[in-house]
Amino acid sequence: MIMLGALLALGGLMQQQPAAHCAYDRAAMLALDEKQFDQDIAGGWRLLASSGCDAEGADLIRLWREAHENTAGILYWHEGQLRAKSGQTKAAISLFERSRRTPAEDAGFGWNLYVDGTIAFLRNDRQAAETARNQLASLPRPPSFSPVGPDGKPMMVAWPPNLNVLDGFLSCWGRPYKEAYSCTRPISVPHP
């Protein structure tokens, strides 16, 4: 009986420890500035996500936000995506709600419609997802929409942003978020 208890305890510890490929230098990650931590495609939390360590990546984002007292909506969004990919739907929805922009911040850009459509997908509410998708698709491109790349040069971006993600969710309806997010069609960028 003692042996069985020891094995169960060991099994519990093993489940709490991340896989070796999910290990990272916590102090180094928490020392990164927001751009390095969140926007470096080959660094920060994305290192974990690219290794399939979605839950560990979500936990790291939470730790970084707390350490930096950061309430940037995009960090809530990215943590929510990783929670959704790891099956933590309730937590993902809560984080997605916290990523919403004020009406003034979102005026004409449709971020909140993207949030609505994503949450509707997670709640398995196809009608609400289609409504959000159609409202997003109908937004006219604002004259002030002039995105620039990391190098500061103008870049072509399809309008409206994230419509391809909502289309992917609708085309892969009923599948887990992680799988449906992979159904996203490539963004077609109009040529000038």
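For clarity, every value in this text was computed on a predicted model and none was experimentally measured.

A. A look at the packing of aromatic side chains. Following the criterion strictly, the structure yields 14 aromatic pairs and no others. Consider the rings of F121 and W173, whose centres lie 5.3 Å apart with planes at 85°: the pair is edge-to-face. With a gap of 52 residues between them, F121 in helix α9 (residues 111–122) and W173 in the loop between α11 (163–171) and α12 (177–181) connect regions that are remote in the sequence. Classification of F121 as buried rests on a relative accessible area of 6%. With a centroid separation of 4.8 Å and an interplanar angle of 65°, the aromatic rings of F145 and W159 are classed as edge-to-face. Here W159 lies in the loop between α10 (126–137) and α11 and F145 lies in the loop between α10 and α11, a separation of 14 residues in the sequence. Assessed through its relative accessible area of 18%, W159 is described here as buried. Put simply, the rings of W77, F96, W111, Y114, F121, F169, W173, Y177 and Y181 touch in pairs and so form one group of aromatic residues.

The rules behind each value
Residues numbered from 1 in each chain as written. Predicted model: local features only at pLDDT ≥ 70, side-chain atom pairs only at ≥ 80, totals over all residues. Heavy atoms only, no water. Phe/Tyr/Trp six-rings, centres within 6.5 Å; stacked < 30°, edge-to-face > 60°. Helix = DSSP H or I, 4+ residues; strand = E, 2+ residues; numbered from the N terminus. Buried < 20%, exposed > 50% of the residue type's maximum accessible area, 1.4 Å probe, protein only.

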